[in-house]
Every structure is written in structure tokens, then in C-alpha cells.
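# Remarks on the overall topology
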Amino acid sequence: MSAQLFLTAAADLIAKIEATQMDNIKAGANLMARSIAGGGAVLAFGSGHSVIPVMDLFPRYGSYVGFVPIMDARLMWTTTVGSGGAIEVIWQERQEGYVDLMMRAHKLNPGDAMLIFSHGGMNAAPVEMALLAKEAGLPVIAVTSVANRQINAPTHSTGKSLHDIADVVIDNCSPPEDAVVPVEGVLGNVAASSTLTAVTVVMSLLAETSALLAAAGKMPGKVFVSPNVPGVTKENNFEVYEEYIAFTRAR
């Protein structure tokens, strides 16, 4: 069954991440914990479908203030075609110069860290976000496909890909094609994998960062917790939002 093929491939990819990427995940988590413990932020960015792990990082159950998602409506699709459409987003994320304009609405402070998601690592949006972060003195953690860099040359005018700029590269272990299930008579595989692997990595980073902060007595505030958890007050998650608003205003 093709469904079973996907589940097997998904399990294999997660196992590969565990087997090969733990040192990189720990290195990334150390940078993230250092930023949050010092009062800085972990800024998270992705364009196209790579915005999904950014959205899953915060605000989500099991997360907390210290993570700042950077999301732009022009770089994430809300429909298939037309205004907010995927075709338009794919074009936009390849245009050099847009991220510099977009980032005029955001701050890159000393002590922050930048976490960037991009399966291919070649589009202008993730490359230029990494370059801006490095120019501001921030460490860059990239979650991307190493195999894609091995078979493709950078397309950005700098001659660099995300892989070339980042201080820590965490391989999402998904194949360059992304989709993992062959179907007889169909050209190209079906069933994409990189969202699954990117979210697996970002939750691993969150878990490791949290353990480091807790061990150092540096957890920055309340955890955004499901109301299904016994003992959680009705106001808990509103208080997390208030903490976030105060944190970002003070930056």
C-alpha cells in the first residue's frame, strides 16, 4: 500500500535525523538557549511551505516567550492562485531585495539568534535573511536539505546558498525531490516529506533548548499549555500572550 510506503519513509527519515543530526541539533539548541538566557530572542523565518515550522514553534502548546516568528503574507500562501496564491509566493521568494525591505519592520538585536527553514536553501528569501542576520552579528541555524545543496549550484547573485552562510546546518534528511512515494505510471514521487522533517527538527530544538534553559534556571516565563493539562488556569495562555507583547515591545 502506498500509504504504508509513506509511513515507512517517514519513520526512516526521523530515524535518520536521530542517527545523524543530534550533534547539530545540540549545537543549534546551545545557540538558541544562549540567546534566550541572555534576554535576546530566537528569530524564526521560512517562506512558502517552510513557514509551517515557524508557525509551529510559537505560539503553540509547549512553547514560550523568547521565540519570535517572522512571517510576511507575501511569502506565505493563503490560497492556490490569485492574491495570496502559491504561484505568486514562489515568484516572490525568489526575488532579490525583498527581504531587506521586509526586515525594516523588524529588529535584529545583538544577542539574538536566527533560525531559518528552507528545504532547498537556494531561494533569495532564506539566503538574504541569513546574510542580514550575519551582518548584524547573529548566529544562524539552518534547517535544510543537505542533499539538495550537493546536487545544485546557488542561484543567488552572491553565489551562496543558505547552507554556505549558516553557522549550524541541520539536515532535514529529506531527499531533494521532497516527495517520497513512487506510484506506478506517475512521473515523480508523491507525498512530500520536508514539512514532517522540519517540524521534527524544530520540536527537537525546542525540547533541547528548554532543557538547557531549565537546567540553568533561565526559563523566561510561562509555557503555553493545553487546557487539557490539570492545574492550568484559564488565564495561563492569555498571560503568555501578554508576556510576548511586552517582550517584543521592549526589543
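Residues numbered from 1 in each chain as written. Predicted model: local features only at pLDDT ≥ 70, side-chain atom pairs only at ≥ 80, totals over all residues. Heavy atoms only, no water.

### Looking at helix 10 (residues 236–249)
We apply this condition: Think of it this way: any DSSP run of H or I at least four residues long counts as a helix, any run of E at least two long counts as a strand, and we number them from the N terminus. Here a helix's expected span is defined as the number of its residues, less one, multiplied by 1.5 Å. Exposure classes here rest on a 1.4 Å probe applied to the protein chains alone. A residue is buried below 20% of its type maximum, exposed above 50%, and partly exposed in between. An arc is given here, and it is the one of the directions from the helix axis to the C-beta atoms. Two residues form a contact once any of their heavy atoms are found within 4.5 Å.
Here helix 10 spans 20 Å end to end across 14 residues, near enough to the 20 Å set by a 1.5 Å rise per residue. Restricting attention to buried positions, one finds in helix 10 the residues Asn236, Asn237, Val240, Tyr244 and Phe247. For helix 10, the angular spread of buried residues about the axis comes to 95 degrees, placing them on one side. Turned more than 90 degrees from where helix 10 packs its buried face, Phe238, Glu242 and Arg249 sit exposed. The inward-facing, buried residues of helix 10 contact strand 3 (67–70) and strand 9 (223–224).

### A short note on the environment of Gly62
Considering the arrangement of structural elements, one finds Gly62 in the loop between helix 3 (52–57) and strand 2 (63–64). For the pair Gly62 and Val223, spaced 161 residues apart in sequence, the C-alpha separation works out to 6.0 Å. When neighbours within four sequence positions are excluded, Gly62 is seen to be in contact with Leu206, Val223 and Phe224.

### Comments concerning the packing of aromatic side chains
The cut-off we apply is this: Only Phe, Tyr and Trp rings are paired, with Trp represented by its six-membered ring, and only when their centres lie within 6.5 Å; those with planes under 30 degrees apart are stacked, over 60 edge-to-face, the remainder tilted.
Inspection of the entire model under this criterion finds four aromatic pairs. A centroid spacing of 5.3 Å and a plane angle of 55 degrees characterise the contact between Tyr64 and Phe67, whose relative ring orientation is tilted. The buried category is assigned to Tyr64, whose relative accessible area is 1%. For Phe67, a relative accessible area of 0% puts it in the buried group. An aromatic cluster of three or more residues is present, and its members are Tyr61, Phe224 and Tyr241.

### Structural notes on unusual backbone geometry
Of the consecutive residues Phe58 and Pro59, the connecting peptide bond is found in the cis state with omega at -5 degrees. The residue Pro59 is located in the loop between helix 3 and strand 2 in this model. If you check the backbone angles, Cys173 has positive phi at about 65 degrees while not being a glycine. Its place among the elements puts Cys173 in the loop between strand 6 (168–171) and strand 7 (179–181). Accessibility expressed as a relative area gives 7% for Cys173, which makes it buried. Unusually for a residue other than glycine, Ala191 sits at a positive phi of about 70 degrees. The exposure class assigned to Ala191 is partly exposed, which follows from its relative accessible area of 33%.

### Some words on the side chain of Asn172
Along the polypeptide, Asn172 turns up in the loop between strand 6 and strand 7. Classification of Asn172 as buried rests on a relative accessible area of 2%.

### Remarks on the layout of surface pockets
The condition is simple: A pocket here means an open set of points on a 1 Å grid, computed over the protein atoms alone, that has protein on both sides within 12 Å along at least five of seven lines. A cavity is instead a set of points where a 1.4 Å probe fits but cannot get out; residues with an atom within 4 Å of a point line either one. Grid points are joined across faces, edges and corners, and a volume is the space filled by probe spheres set on the points. Note on residue categories: nonpolar means Ala, Val, Leu, Ile, Met, Phe, Trp, Tyr, Cys or Pro, charged means Asp, Glu, Lys or Arg, and polar means any other residue, Gly included.
As a volume, the largest pocket reaches approximately 400 Å³. Lining the largest pocket are 20 residues, and of these Glu93, Arg94, Ser118, Gly120 and Asn123 lie nearest its centre. Taken together, the residues that form the lining of the largest pocket break down as six nonpolar, twelve polar and two charged.

### A look at the nonpolar core
Worth spelling out the cut-off: What makes a nonpolar core is a set of buried Ala, Val, Leu, Ile, Met, Phe, Trp, Tyr and Cys residues whose side-chain atoms join them at distances within 4.5 Å.
Phe67, Met102, Leu115, Met129 and Leu205 are the most contacted members of the largest nonpolar core, which has 64 residues in total. When residues of this core are assigned to their parent elements, the largest contribution, seven residues, is made by helix 6 (residues 124–135).

### Some remarks on the pattern of salt bridges
We count it as follows: Each reported salt bridge corresponds to a side-chain nitrogen of Lys or Arg within 4 Å of a carboxyl oxygen of Asp or Glu.
Counting across every chain of the model gives six salt bridges. As a salt-bridge pair, Asp112 and Arg251 come within 2.7 Å of each other at their nearest N and O atoms. A residue pair is termed long-range when its members are at least 10 positions apart, and Asp112 in the loop between helix 5 (98–102) and strand 4 (113–117) and Arg251 in the segment after helix 10 qualify at 139 residues. The same class applies to Asp112 as to Arg251, namely buried. A salt bridge links Lys222 to Glu239, with the shortest nitrogen-to-oxygen separation between them at 3.3 Å. Residue Lys222 is found in the loop between helix 9 (194–215) and strand 9, and its partner Glu239 is found in helix 10; the two are separated by 17 residues along the sequence. You can call Glu239 partly exposed: its relative accessible area is 27%.

### Remarks on the packing of helix 2 (residues 22–37) against helix 9
Put simply, the test is: Interaxial angle, 0 to 180 degrees, is taken between N-to-C directions of lines fitted to C-alpha atoms, where a helix line uses only the stretch in contact. Should an angle fall under 35 degrees it is called roughly parallel, over 145 degrees roughly antiparallel, and 65 to 115 degrees roughly perpendicular, with every other angle called oblique. When the near helix sits turned anticlockwise from the far one by under a right angle, the crossing is termed left-handed; a clockwise turn instead gives a right-handed crossing.
Where helix 2 meets helix 9, the axes come as close as 8 Å, and the angle between the chain directions of the two elements is 50 degrees. In terms of orientation, helix 2 lies oblique with respect to helix 9. As helix 2 runs across helix 9, the sense of the crossing is right-handed. Of the residues in helix 9, those in contact with Ile25, Lys26, Gly28, Ala29, Asn30, Met32, Ala33, Ile36 and Ala37 of helix 2 are Ser204, Leu205, Glu208, Thr209, Leu212 and Leu213. When grouped by side-chain class, the residues that make up the contact of helix 2 with helix 9 number nine nonpolar, four polar and two charged.

By themselves, these are just geometric observations and shouldn't be taken as functional.
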